[in-house]
Amino acid sequence: MTLRVTFDTNVLDYACRPERYPKDPRDIGKIKRALENGDIEGFYSVTMLTIEGVMNRDRANVFGDTRIDIAEESVAPIDPMKIPQDVRERFGDGEWEEVRVEMRASQPGRQPVHPEVRRRVQAAKALGIKVLKDPPRIGAYELTDPDGDWYLDNGAGPERSAWTTRIHEVVRAIEARGVGMAQVRELGLRNADVQKAWFEGLQKAKGIHEERAVERAFGEWADGDAVASHIAYGLDVFCSSDFGNSNATNSVLDAENRGWLELTYGVKFMKLDELLAHLRW
């Protein structure tokens, strides 16, 4: 049976580019071979590119300068019979119109990802490793994937609606525990002007300690969304060597929150060594 594994950023290179670690005494090439012969299906979160793909020192400025541009609205008539009956009963069978508004995020300071990250991505793609979509958010960045070559499909119609409901349910639960995106949002709100978006406050960190806290919080945001995506897609194993030790406060990947994720959502965590042990050939 094929094992479906989400590789955290800190282990993805071991899986798809083991040749970079010639002094590692373990047979880490075993994972690449398992990917090649279909014993493992591999995945990683798009947050490796959209969040962690920005250099630490640049993250506050790049995200703090985010602007939401609203394109021109389009209006089109709708056949009343396509409107749910309970809605028509409440509002009548008169003329109905659909208003569409396209919103685009712009981040002038965002630079192309580091060449080494691009090489990692290409190596992963060559092995059939797919990218997991993150929680849909207004202004969020994503890969352009018109041919479906990159992302793992999250369905269409009711299936996609169920996926969206699930991932939002999970991220809300994660953030309610003060981890995931909650930490970077809290730091932004701490320094944001009244009636300004929270992310505009990220550039106003007071002193080196708060600046470092902001940098770490972006990594925590990426981890929270990666775990939520893993759960929403219903994958088997989340492989990571991150135990939240680099975070000054609690983390979605610390022991307490791992236990909660295991109990609540059935997440199965594996370290790289445990995944290697699982592959018994």
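Look above for the structure.
All of these numbers come straight from a predicted model, not from anything done at the bench.

1. Details of the nonpolar core
Okay, so step 1: Core analysis: the biggest nonpolar cluster contains 31 residues, and F7, I31, I40, Y44 and L275 have the highest contact counts within it.
Okay, so step 2: Listing elements by their share of this core, those giving two or more residues are β1 (3–7), α1 (9–16), α2 (29–37), β2 (40–45), α3 (47–50), α6 (115–126), β8 (237–239) and α11 (272–278).
Okay, so step 3: The contact partners of Y44, leaving out residues within four places of it in the chain, are F7, L12, L49, V121, A124, I129, K130, V131, L132 and W150.
Okay, so step 4: Among the nonpolar cores identified, the runner-up in size contains 24 residues, and V170, A226, Y233 and L253 belong to it.

2. Some details on the pattern of salt bridges
Okay, so step 1: Enumeration according to the criterion identifies 18 salt bridges in this entry.
Okay, so step 2: Residues R17 and D13 are paired through a salt bridge, measuring 2.8 Å at the closest nitrogen-oxygen approach.
Okay, so step 3: Close ionic contact of D27 with R33 constitutes a salt bridge, the shortest N to O distance being 2.8 Å.
Okay, so step 4: When salt bridges that share partners are traced, they join D13, R17, R20, E116, R119 and R120 into one network.

3. Remarks on the environment of L276
Okay, so step 1: Tracing the sequence through the fold places L276 in helix α11.
Okay, so step 2: Residues L276 and H114, 162 residues apart in the sequence, show an inter-C-alpha distance of 29 Å.
Okay, so step 3: With near-sequence residues (within four places) excluded, L276 lies in contact with R26, D27, I28, K30 and I31.

4. Notes on the packing of helix α7 (residues 158–176) against helix α9 (residues 207–233)
Okay, so step 1: In contact at an axis separation of 9 Å, α7 and α9 are set at 140° when each is read in the N-to-C sense. When the axis of α7 is compared with that of α9, the two are oblique. Considering only the axes of α7 and α9, their crossing is right-handed. Across the interface between the two elements, W163, R166, I167, V170, V171 and I174 of α7 pack against G224, D225, A228, S229, I231, A232 and Y233 of α9.
Okay, so step 2: Looking at the contact of α7 with α9, its residues break down into nine nonpolar, two polar and two charged.

5. Remarks on the side chain of N154
Okay, so step 1: The residue N154 is located in the loop between β7 (130–132) and α7 in this model.
Okay, so step 2: Here the side chain of N154 touches R160 through a polar contact of 3.3 Å, side chain to side chain.
Okay, so step 3: Ignoring anything within four residues of it in the chain, the contact list for N154 reads K133, E159, R160, W163 and Y233.

6. Structural notes on α6
Okay, so step 1: Taking 1.5 Å of rise per residue, the twelve residues of α6 would be expected to cover 16 Å, and the 17 Å separating its terminal C-alpha atoms lies within 8% of that figure.
Okay, so step 2: What α6 keeps buried is the set V117, R120, V121, A123 and A124. Down the axis of α6, the buried set is contained in an arc of 165°. They therefore lie on one face.
Okay, so step 3: On the buried face of α6, the contacting elements are α1, β2 and α3.
Okay, so step 4: One or two positions beyond α6, positive phi appears at G128, with a value near 80°.

7. Comments concerning the packing of aromatic side chains
The way to describe two aromatic rings as a pair is by their centre distance and the angle between their planes.
Okay, so step 1: Applying the stated rule across the entire model yields five aromatic pairs.
Okay, so step 2: Relative to Y265, the ring of W260 lies with its centre 5.6 Å away and its plane at 85°, an arrangement referred to as edge-to-face. When sorted by exposure, W260 lands in the same class as Y265, which is buried.
Okay, so step 3: Lying over the aromatic face of W150, K125 brings its terminal NZ or CZ to 5.2 Å of the ring centre.
Okay, so step 4: One Lys or Arg, K133, reaches over the ring of Y151 and ends 5.3 Å from the middle of that ring.

8. Thoughts on empty space enclosed by the protein
Okay, so step 1: Using the criterion set out here, one finds one cavity of 30 Å³ or more in the structure.
Okay, so step 2: Counted as a void, the largest cavity has a volume near 80 Å³.
Okay, so step 3: Taken together, 14 residues form the lining of the largest cavity, with D8, T9, S45, T47 and A226 sitting closest to its centre.
Okay, so step 4: Counting only elements with at least two residues in the lining of the largest cavity, the list comes to β1, α1, β2, α3 and α9.
Okay, so step 5: Ranked by residue count, the leading element in the lining of the largest cavity is α9, at three residues.
Okay, so step 6: Of the residues that constitute the lining of the largest cavity, the class distribution is seven nonpolar, four polar and three charged.

Reading the values: rules and limits
- Residues numbered from 1 in each chain as written.
- Predicted model: local features only at pLDDT ≥ 70, side-chain atom pairs only at ≥ 80, totals over all residues.
- Heavy atoms only, no water.
- Core = buried A, V, L, I, M, F, W, Y, C linked by side-chain atoms within 4.5 Å.
- Buried < 20%, exposed > 50% of the residue type's maximum accessible area, 1.4 Å probe, protein only.
- Helix = DSSP H or I, 4+ residues; strand = E, 2+ residues; numbered from the N terminus.
- Contact = heavy atoms within 4.5 Å.
- Salt bridge = Lys/Arg side-chain N within 4 Å of Asp/Glu carboxyl O.
- Axes fitted to C-alpha atoms, helices over the stretch in contact; angles between N-to-C directions.
- Parallel < 35°, antiparallel > 145°, perpendicular 65-115°, else oblique.
- Left-handed = near helix turned anticlockwise from the far one by under 90°.
- Nonpolar A, V, L, I, M, F, W, Y, C, P; charged D, E, K, R; others polar.
- Polar contact = N/O pair within 3.5 Å; in protein donor to acceptor, adjacent residues only side chain to side chain.
- Expected span 1.5 Å × (residues − 1).
- Arc of directions from axis to C-beta.
- Phe/Tyr/Trp six-rings, centres within 6.5 Å; stacked < 30°, edge-to-face > 60°.
- Lys NZ or Arg CZ within 6 Å of the ring centre and 35° of its normal.
- 1 Å grid on protein atoms, 1.4 Å probe; cavity = no way out; pocket = protein on both sides within 12 Å on 5 of 7 lines; lining within 4 Å.
- Points joined across faces, edges and corners; volume = space filled by probe spheres on them.

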